[in-house]
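Single-letter residue listing:
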Amino acid sequence: MRDDEKRPEIPDIGGRADDELFQYGDEQDVPVRRRRSAKSSASKTKKPTKKPAAKKKKKRARKKRRSFFEFLFAGTPQRTRRSGGLRLFGREIHISFWPAFLIAIALLLVIMVFVQGGSLTVDEQEVTLVGLPQDLEGYRILHLSDLAGRRFGDAQATILREIGTLDYDAVFITGDMVGAGSDPEPFYELLEGLPSSKPVYFIAGDSDPDPVLDTTRDITGTVEEMVLADWVLGAIERGAIYVDAPVELNVGNSSIWISPADMLNLNASELVNTCEDQMTQEQEGTVLGLATDHDTLPATTYRYQRAQRLLSAVNSMTATDVHISLAHEAPSADYLAASASHSAGESFLTQPSLVLAGHYCGGVWRLPLLGAFYIPSSTADRHGWFPAQEDVQGLSSVSGTQVYISAGLSTSGSAPLMAFRFLNRPQISIIELTATLPQNMLTQ
């Protein structure tokens, strides 16, 4: 290069352009140096090492594995996002199918339980009793059970409205009307709403408070006022009849005897003698100032009076009378067979023509086609699991006695995990007595 040639102007890069030219040579060598420098720095960059093929396959396989819950709660697919989702307050919300489906099913079940739990069904059952007196032909009994302290509307308006549409002659209640909550007010509201012209008979259930006090009241009054629980006395004050011993109901010239099922196999004469001896002994102890005899005498007197009423019923019942026994839990086949085995000369109640019971609440939870899969029964096969459906509710014949089991109004206190009814509407029943044989028997 000649000295008189003008050198190209090199831009000032941070004041170091001239230093670079002096270090690397003239301007013709700069592009070469730069290419080499770029190549050199690229060679200095660490190249990624290739992983073995086996590891790649293992990683790919690991990515494909997804648990059931990952699949179930996976996000919305990309194609769904492209099509747009639900918009709420101006924002787009994407909902995965399976969670939405499960939530919808859960809401549907909740709505079903709520709607069915508040609506009533009426089961009208005709019961054929051979030799039924003409006065009792077509006699209709309203059977209620297992209210368990629940309210159906204000002051039981829903139940009373349904009952008001029915034709019946008497009301039989088979226990657990107060329930484990020990609040008698819902039961009282129901009793107050029933017509006073219809006799009402009731017994206690296993979840009700004990009908007899452990410690008698130290008051002056009747024996019943001293020993019976408040909820029983409250029901009696509202016109209901507590069936702690056989009671006679006169219909025209005929009689219906209503008994508690726990007295069916008691020898009335022996029971009277036993209670009388104990009562006499405690009376003597009370005169002598024994506090223990003084405290237990009212309860013993109450048992003695019950035994006397049982013996009176045994001596008064005739072959033409209808005997209906009330039980909370349906008696076992052996128990009813024993009742049928007593001879006429013995001091036992006659075999009942009909037993009314509750307790199982229709199984509380019922499944389509299968029905009830569990009942709280101490006598059923498999401890109550997968029972025969005629043992759960409805009419059946056991050892020559007709047994009707109501599905009841609420849930069973013996199955606390079943806190609500499922596919099982609350039930009230109408039992109509007739001497006419059913059509299926006439065609046989």
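The following refers to the structure shown. Quick caveat: nothing in here was measured; it's all calculated off a predicted structure.

Quick word on the sheet that holds strand β16 (residues 427-434)
Turning to step 1, where the next piece is worked out: One open sheet accounts for 6 strands, arranged β3-β16-β4-β5-β6-β7; its pairing is mixed. For this open sheet the edge positions go to β3 (121-128) and β7 (241-242), each flanked by a neighbour on one side alone.

Here's the deal with the side chain of Glu-282
Turning to step 1, where the next piece is worked out: With respect to the secondary-structure elements, Glu-282 resides in helix α11 (residues 268-287).
Turning to step 2, where the next piece is worked out: No salt bridge is formed by the buried Glu-282; its nearest oppositely charged neighbour, Arg-303, is found at 5.3 Å.
Turning to step 3, where the next piece is worked out: Those residues within four positions of Glu-282 in sequence are excluded, and the remaining contacts are Asp-293, Thr-296, Leu-297 and Thr-300.

What to know about α11
It helps to recall that an α-helix has 3.6 residues per turn; residues three or four apart then point in one direction.
Turning to step 1, where the next piece is worked out: With 20 residues, α11 extends 29 Å between its outermost C-alpha atoms, agreeing within 8% with the 28 Å of an ideal straight helix rising 1.5 Å per residue.
Turning to step 2, where the next piece is worked out: For α11, the full list of buried residues reads Ala-268, Val-272, Cys-275, Met-279, Glu-282 and Gly-285. Down the axis, α11 shows its buried residues gathered within 155 degrees of arc, on one side only. Away from its buried face by more than 90 degrees, α11 exposes Glu-270, Asp-277, Gln-281, Glu-284 and Val-287.
Turning to step 3, where the next piece is worked out: The inward-facing, buried residues of α11 abut α12 (291-316).
Turning to step 4, where the next piece is worked out: Put simply, Asn-267 is the residue that caps the front of α11, since its side-chain oxygen is 3.2 Å from the backbone nitrogen of Ser-269.
Turning to step 5, where the next piece is worked out: One or two residues past the end of α11 sits Gly-289, with phi positive at roughly 90 degrees.

Brief notes about α12
Turning to step 1, where the next piece is worked out: In this model α12 runs 38 Å from its N-terminal to its C-terminal C-alpha over 26 residues, within 8% of the 38 Å that 1.5 Å per residue would give.
Turning to step 2, where the next piece is worked out: In the structure, α12 departs most strongly from a straight axis at Leu-297, where the bend amounts to approximately 40 degrees and where the proline Pro-298 lies between one and four residues downstream.
Turning to step 3, where the next piece is worked out: Every buried residue belonging to α12 is among Asp-293, Leu-297, Pro-298, Ala-299, Thr-300, Thr-301, Tyr-302, Tyr-304, Ala-307, Leu-310, Ala-313 and Val-314, and all of these are buried.
Turning to step 4, where the next piece is worked out: Contacts from the buried residues of α12 go to α9 (223-227), β7, β9 (254-260) and α11.

Conventions and cut-offs
Residues numbered from 1 in each chain as written. Predicted model: local features only at pLDDT ≥ 70, side-chain atom pairs only at ≥ 80, totals over all residues. Heavy atoms only, no water. Pairing = 2+ DSSP bridges. Helix = DSSP H or I, 4+ residues; strand = E, 2+ residues; numbered from the N terminus. Buried < 20%, exposed > 50% of the residue type's maximum accessible area, 1.4 Å probe, protein only. Lys, Arg positive; Asp, Glu negative; His and termini not counted. Salt bridge = Lys/Arg side-chain N within 4 Å of Asp/Glu carboxyl O. Contact = heavy atoms within 4.5 Å. Expected span 1.5 Å × (residues − 1). Arc of directions from axis to C-beta. Polar contact = N/O pair within 3.5 Å; in protein donor to acceptor, adjacent residues only side chain to side chain. Bend = angle between axes of the 7 residues up to and from the residue.

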